[in-house]
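Here is what each chain is made of, one letter per residue.
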Amino acid sequence: MLGINQLVDVVFSGLSGLIIDDVTDDGELIRVRARSREMPVPCPGCGVGTAHVHAWCERTVADVPVDGRQVVVNVRLRRLVCRDWRCPRRTFREQVAGVLERHQRRTVRLAAQVGAVVRELAGRASARVFSALGVRICRHTALRALLRIPLPMVATPRVLGVDDFSLRRSQTYATILIDAETRRRVDVLPDRRSDTLAAWLRENPGVQIVCRDGAAGYAEAVHQALPDALQVGDRWHIWHNFAQAVGKEVAVHSGCWATASRVRKLDGGKTTTLQRWHQVHDLLDAGVGLLECARRLNLALNTVKRYARIAEPEQMRRAPQYRPTLVDPYREYLRKRRAEDPAVPVLQLLREIRERGYTGSQNLLYRYITQGRVEDDRPALSPRRLSRLLLTRPDTLRPDQQELLHKTTRACPEISQLAALVRAFAQLLTPADENGDRLEEWIHSAEEANLPHVHSFVRGLRLDQDAVRAALTSEYHNGGTEGVNTKTKLIKRQMYGRAGFRLLRHRILLQ
């Protein structure tokens, strides 16, 4: 069983550099009176040890709480005289290593705990946590403690990951740099300008490979500062850009592939659309400018541009869409019943489909019938859904999805070409040495197809072809930077309203 002195030594083991004279319980406060040990101390100016006392002084510091109560330490320290007459510092106050630091009002161990908490929670959250633990600290003090934590020294990486994140969305952006191999944060730049990144690369030599997205500013910065470095594009961004082009192509040809399932019998504004297309192109063929066309036809300029970009009027047709409802599974049954008895009441149909599992309301069924969705042959497939089927791995599709995709692509030659291009490009996303030659073949095939939006995507690949080739042939990628960026956005939201760039950068680099 521990005695009183032994118990004090255990509870206040972090004050072992001091001699504890007394411990007083003042209710919500525990006061510890201590003094320094009488032993020589090296002079901070010249390093000569001395134990000659010039005067005595007292410091009051906070220590880690005990039993949820605040602990205050009153320490009696010596002011010593340096014995080297050449030393410019004649007297100095001793510091107790591992217990006290100069100009601090907390012990070393309490300061370490404060730093660990504010490193994760920043200001307000840290103050609330410390209040529950018995440590008095405000959010401003917590943030100052965060800035006092030294940043880790990180060597210049061989493989650098670069990405941007918003400080204020659509207004100001910053750049984060990481080691793409270890995913450790290297630095945070205050903007995303090319000259800022180029200056950092010149000041930190040693980067051989740069992983980035398709931002032209970063590409230019690396080209200026490190012309011999290998630039690697991000495969996710390449696939994402291609998926957007695929979605646009599917929407353009929806009037063609929609015939594979069900085609709407109603005109749906098709006549007006074709008339406008002919009006716009007749004026353009006559040499009338776009702005004058908009004035003559009383249309918006962007509408006229949209009609002018379409080479064939059939491409202006869009397959009409309906949102899926709870009535869709019973559509064929409703069509059959209304064909047998055109005057069948809606309430009778409601009772019959409820016996078959319908869980929707009467109003939903009524609107479904009055909108003509029972007899109206609108397409069962939306452009977005068809795009999703085209971009999904074939081995993960269900048999009915595979059949629907096959029937839809077979009905439209352009969509059939698009499906072949998607399958071929998806195979390039697995890095391999031969992907460089296969990429050239794919680009040649894409340029021969009658797919304007894919042509636009190919032109983007041509502008950054070396980085795209490296992305498809090397093992490096920018996925680690994207993951770090996700954590960065979380940190930014935690510090919302208080995070100046200096404070935000400090906390990001401490993670």
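Since the structure is predicted, the reported quantities are computational estimates derived from the model, not experimental observations. (Residues numbered from 1 in each chain as written. Predicted model: local features only at pLDDT ≥ 70, side-chain atom pairs only at ≥ 80, totals over all residues. Heavy atoms only, no water.)

K.L.:
Even after reading the chapter, I still don't get the sheet that holds strand β10 (residues 185-189), so can you show me in this structure?
P.N.:
Sheet strands associate in pairs through backbone hydrogen bonding, adopting either a parallel or an antiparallel arrangement. Here we have five strands laid out as an open sheet, ordered β10-β9-β8-β11-β12, and mixed in their pairing. Edge positions in the open sheet fall to β10 and β12 (230-232), since each of these has one partner strand only. Strand-to-strand twist in this sheet, taken as the mean axis angle between neighbours without regard to direction, amounts to 25°. Both strand β9 (residues 172-179) and β10 contribute to a ladder of four bridges, which runs antiparallel. Across the sheet, the residue bridging to Leu177 is Asp187, located in β10. Across the sheet, helix α22 (residues 501-510) touches β8 (159-168), β9 and β10, and the angle it forms with β10 is around 170°. (Pairing = 2+ DSSP bridges. Helix = DSSP H or I, 4+ residues; strand = E, 2+ residues; numbered from the N terminus. Axes fitted to C-alpha atoms, helices over the stretch in contact; angles between N-to-C directions. Contact = heavy atoms within 4.5 Å.)

K.L.:
It is not clear to me how the pairing of β8 should be interpreted in this structure. Could you clarify?
P.N.:
On any regular strand, side chains alternate: one points to one face of the sheet, the next to the other face. β8 sits mainly inside the fold: eight of its 10 residues count as buried. When β8 meets β9, the two strands line up antiparallel, connected through eight bridges. Residue pairing for β9: Phe165 is matched across the bridge by Ala174. With antiparallel pairing between neighbouring strands as the criterion, β8 and β9 make up a hairpin whose turn holds three residues, including Ser170 at a positive phi of roughly 65°. (Buried < 20%, exposed > 50% of the residue type's maximum accessible area, 1.4 Å probe, protein only.)

K.L.:
What's the story with the environment of Ile137 in this structure? I'm lost.
P.N.:
Position of Ile137 relative to the elements: it lies in the loop between α3 (124-133) and α4 (139-148). With 53 residues separating them in the primary sequence, Ile137 and Asp84 have C-alpha atoms 41 Å apart. Residues within four places of Ile137 in sequence aside, it is in contact with Val114, Ala127, Phe130 and Ala142.

K.L.:
Explain the packing of aromatic side chains here, please?
P.N.:
As enumerated under the stated definition, the model contains nine aromatic pairs in all. Pairing Phe425 with Phe457 gives two aromatic rings, centres 5.8 Å apart and planes at 80°, and the pair type is edge-to-face. Taken as a pair, Phe425 in helix α17 (residues 413-428) and Phe457 in helix α19 (residues 452-463) lie far apart in primary sequence, 32 residues in all. On the basis of relative accessibility, which here comes to 0%, the residue Phe425 falls in the buried class. Pairwise contacts between aromatic rings join Trp239, Phe242, Phe425, Trp442 and Phe457 into one cluster. (Phe/Tyr/Trp six-rings, centres within 6.5 Å; stacked < 30°, edge-to-face > 60°.)

K.L.:
When you look at the nonpolar core in this model, what are you seeing that I'm missing?
P.N.:
As a rule of thumb, nonpolar side chains are buried together in soluble globular proteins. Residues Phe242, Val250, Leu390, Leu418, Phe425, Trp442 and Phe457 are the most contacted members of the largest nonpolar core, which totals 41 residues. Listing elements by their share of this core, those giving two or more residues are β11 (209-211), α7 (235-252), α15 (383-391), α16 (399-411), α17, α18 (435-448), α19 and α20 (465-473). It is α17 that contributes the most residues to this core, seven residues altogether. Those residues in contact with Phe425, other than ones at most four positions away along the chain, are Ile238, Trp239, Phe242, Leu439, Trp442, Phe457 and Leu461. Formed by 27 residues, the second largest nonpolar core is a distinct cluster that contains Val114, Ala122, Ile137 and Ala174. (Core = buried A, V, L, I, M, F, W, Y, C linked by side-chain atoms within 4.5 Å.)

K.L.:
Explanation requested: the packing of helix α2 (residues 108-121) against α3 in the structure shown.
P.N.:
A pair of packed helices is captured by two measures, namely the crossing angle of their axes and the spacing between those axes. Between α2 and α3, the shortest axis-to-axis distance is 8 Å and the interhelical angle comes to 135°. In this view, α2 runs oblique relative to α3, as classed from their interaxial angle. Crossing of α2 over α3 shows right-handed handedness. Note on element contacts: α3 touches α2 through Ala125, Ser126, Val129 and Phe130, opposite Gln113, Val114, Val117, Val118 and Leu121. Class assignment for the residues of the contact of α2 with α3 results in seven nonpolar, two polar and no charged. (Parallel < 35°, antiparallel > 145°, perpendicular 65-115°, else oblique. Left-handed = near helix turned anticlockwise from the far one by under 90°. Nonpolar A, V, L, I, M, F, W, Y, C, P; charged D, E, K, R; others polar.)

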